[in-house]
Amino acid sequence: MSSPIQLYSFIDGEWAQGAGDAIESRNPARPAEVVAAGRQADIAQAESAIDAARRAKQTWAATPAHERGAILVRAAAIVDGAAAQWGRELAREEGKTAAEGVGEVKRAAQILRYYGNDADRQAGEMFSSPRRGERILVTRKPVGVVGVITPFNFPIAIPAWKIVPALAYGNTVVWKPASTVPLLAMRLAAALAEAGLPGGVLNLVLGGSAVGNAMLSHDGIDAITFTGSTGVGRKLAAAAAVRGVPIQAEMGGKNAAIVLGDADLELAAEQVMLGAFRSSGQKCTATSRLIVTADIADDFIAELVKRAATMNVGDPLDDGIEMGPVIDASARESITAGIEQALADGAQRMCGQTYTDGALASGYFVAPTILELSSGEPHVWREELFGPVLAVRRANTVDEAFDLANDSEFGLSAAIFTQDLTRTMEAMDALDVGILHVNSETAGADPHVPFGGAKKSGYGPKEQGQAAREFFTHTTTVYLRGGEAKL
Ligand code: UN1
């Protein structure tokens, strides 16, 4: 067992020993193993990080977009080069498989490259004017200091897709990552520092909710971007509204995959498995509900149960492992309690035993679980368990399948499996979601297109692509007119 890696915050361009309580991350597959350890920042350090970001903001905003972008592209190369090592560290700290961890680090590099190259593409817009001799320009400026609060489940990709556009468009950042994944946060900050990001432009503050609250109540923060639980997101949104600070909050999902009778069932089974169980179901875009038409239901459910029951669950760093643990003991407890509640409500467990001995019992493992519901067993159908649990219902008609999919307060993503163009086009209209996949799993997101949910999955503007530019900049509309020519 290697000794724990020392943790630091990164404030005003310096690595800083925290002055607050202890912080450590543990390997969720082997909870006795400490991955990284150090001290949290205290409130005074969080405030000095905000001050540093404020001092840096004018110079960074005035730095040509080409130069800002070049730093991000350099950081992309550093992150790419470290993908094999950091991906395994990610798997060790968060619990997703090493292949997913390496893929996630490469995705962070892709995000750095995309925004590094996008920064100088478009500086605003120009319109004609109803008045002679005039043009109307819409220029874009950074909003200022952005507070970034990120979750555990994508320890480097989600921070990248918030921090990188914020920086590309000229903002400075104060970032509080989830306290379970501080090592990967340090890695991303180090890559940006090594790439030449000036001091104070990105400040990493390790800590718990006290640090988040300090950011929320500080006048120096001009905007907040958050991804995490619905409960926390709503509290942050309320607090930001009181202070008049713009907020972007990505929250829960209860995403449905719909499988129609004419679908390519081999493809559908493969994709539903990936959507439900990759990252142990810990994605806001994971497939947690399956709606299958009655004509194929018996065979399709049996096929999924066969695949889930034989999945290779274990230490994410071992070869051939398909699913690792969930993040910590409280996640395992709440997911297990959700399964018990579903069974008490009348759901039928098709697969997913409880691990009672060996490494799977001592690590935070939850077996891939499929529950068939006879009607709307309320808890498991509506609440996001954020674990490897798939709730299945049968539909007699396509319309009923669409109604069941919409039967949720969330509307992040959905998937439909069919070969029928007409049904696909109906689904595009009928399904109330921010992201719709046709014949692919409910998870996944590209940096150049909007990401975010309908209904209560999100609050405020969406992320990524042009949507990111909208959130991280504000516009000045300039009525531009000359005078009488003198020369
Ligand atoms: C993905 O589906 O690959 O927290 C990304 C989450 C989402 C990101 C999903 N904000 O899971």
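Everything quoted here is computed from the prediction, not taken from an experiment.

S.K.: I keep staring at helix 6 (residues 182–194) and nothing clicks. Help me out?
M.R.: Structural remark: α-helix, 3.6 residues per turn; residues separated by three or four positions point the same way. With 13 residues, helix 6 should reach 18 Å at 1.5 Å per residue; the first-to-last C-alpha distance of 18 Å fits that figure. With respect to burial, helix 6 is a largely interior element, 10 of its 13 residues being buried. For helix 6, the complete set of buried residues consists of P182, L183, L184, A185, M186, R187, L188, A189, A191 and L192.

S.K.: Sorry if this is basic, but what is going on with the site of the ligand here?
M.R.: As a matter of local geometry, the ligand sits amid R107, N153, F154, I158, W161, T227, K283, C284, T285, A443, G444 and F451. At a separation of 2.9 Å, an oxygen atom of the ligand approaches a polar side-chain atom of R107. The backbone of G444 places a nitrogen or oxygen atom 2.7 Å from an oxygen atom of the ligand. In isolation the ligand exposes 320 Å². Once the protein is present, 98% of that is buried. Tallied by class, the residues present in the shell around the ligand amount to six nonpolar, four polar and two charged. Each of domain 1 (5–251 + 457–477) and domain 2 (255–438) gives at least three residues to the shell around the ligand.

S.K.: What is the right way to look at a nonpolar patch on the surface in this model?
M.R.: On the surface, L421, M425 and M428 cluster together into a nonpolar patch covering about 340 Å² of accessible area. On the secondary structure map, M425 appears in helix 15 (residues 421–430). Taking relative accessible area as the criterion, M425 reaches 47% and is therefore assigned partly exposed.

S.K.: Mind showing me how you'd approach the side chain of T287 here?
M.R.: Position of T287 among the secondary structure elements: in strand 14 (residues 287–293). Under the relative-accessibility criterion, T287 is labelled buried at 2%. There is a polar contact of 2.6 Å between the side chain of T287 and the side chain of T442. Beyond its immediate sequence surroundings of up to four residues, T287 is in contact with N255, A257, G275, A276, V389, L390 and T442.

S.K.: What's the story with the domain arrangement of the protein chain in this structure? I'm lost.
M.R.: Where interface size is given, it is often the accessible area lost as the parts come together that is meant. Domains assigned within the protein chain are domain 1 (5–251 + 457–477) and domain 2 (255–438). With 24 residues of domain 1 in contact, the opposing surface of domain 2 contributes 27 residues. For the pairing of domain 1 and domain 2, the buried interface totals around 2,100 Å² over both sides, and the portion due to carbon and sulfur atoms is 57%. For domain 1, the biggest contributors to the area lost against domain 2 are P28, A29 and S457; these three give 23% of the whole. At the surface where domain 1 touches domain 2, the tally comes to two salt bridges.

S.K.: Sorry if this is basic, but what is going on with the sheet that holds strand 4 (residues 22–27) here?
M.R.: Whenever strands of a sheet pair, they do so through backbone hydrogen bonds, lying parallel or antiparallel. Spatially, 1-5-4 is the arrangement adopted by the three strands of the open sheet, whose pairing is mixed. The open sheet terminates on both sides in strands that have one partner only, identified here as strand 1 (5–7) and strand 4. Averaged over all neighbouring strand pairs, the angle between strand axes comes to 40°, with direction disregarded. As judged from the six bridges shared by strand 4 and strand 5 (residues 30–39), these two strands associate in the antiparallel manner. Bridging from a neighbouring strand, R26 pairs with V34 of strand 5. Each of strand 1, strand 4 and strand 5 is contacted by helix 3 (residues 83–94), which is oriented at about 110° to strand 5, the strand it contacts most. Contacts from helix 6 reach strand 1, strand 4 and strand 5, with the element oriented near 75° to strand 1.

Conventions and cut-offs
- Residues numbered from 1 in each chain as written.
- Predicted model: local features only at pLDDT ≥ 70, side-chain atom pairs only at ≥ 80, totals over all residues.
- Heavy atoms only, no water.
- Helix = DSSP H or I, 4+ residues; strand = E, 2+ residues; numbered from the N terminus.
- Expected span 1.5 Å × (residues − 1).
- Buried < 20%, exposed > 50% of the residue type's maximum accessible area, 1.4 Å probe, protein only.
- Near = heavy atom within 4 Å.
- Polar contact = N/O pair within 3.5 Å; in protein donor to acceptor, adjacent residues only side chain to side chain.
- Areas by Shrake-Rupley, 256 points an atom, 1.4 Å probe, with all protein chains shown as cover.
- Nonpolar A, V, L, I, M, F, W, Y, C, P; charged D, E, K, R; others polar.
- Domains from an automatic or database assignment.
- Patch = residues over 30% accessible without salt bridge, like charges linked within 9 Å, V, L, I, M, F, W, Y side chains within 5 Å.
- Salt bridge = Lys/Arg side-chain N within 4 Å of Asp/Glu carboxyl O.
- Contact = heavy atoms within 4.5 Å.
- Buried area = accessible area lost by both parts, 1.4 Å probe.
- Pairing = 2+ DSSP bridges.
- Axes fitted to C-alpha atoms, helices over the stretch in contact; angles between N-to-C directions.

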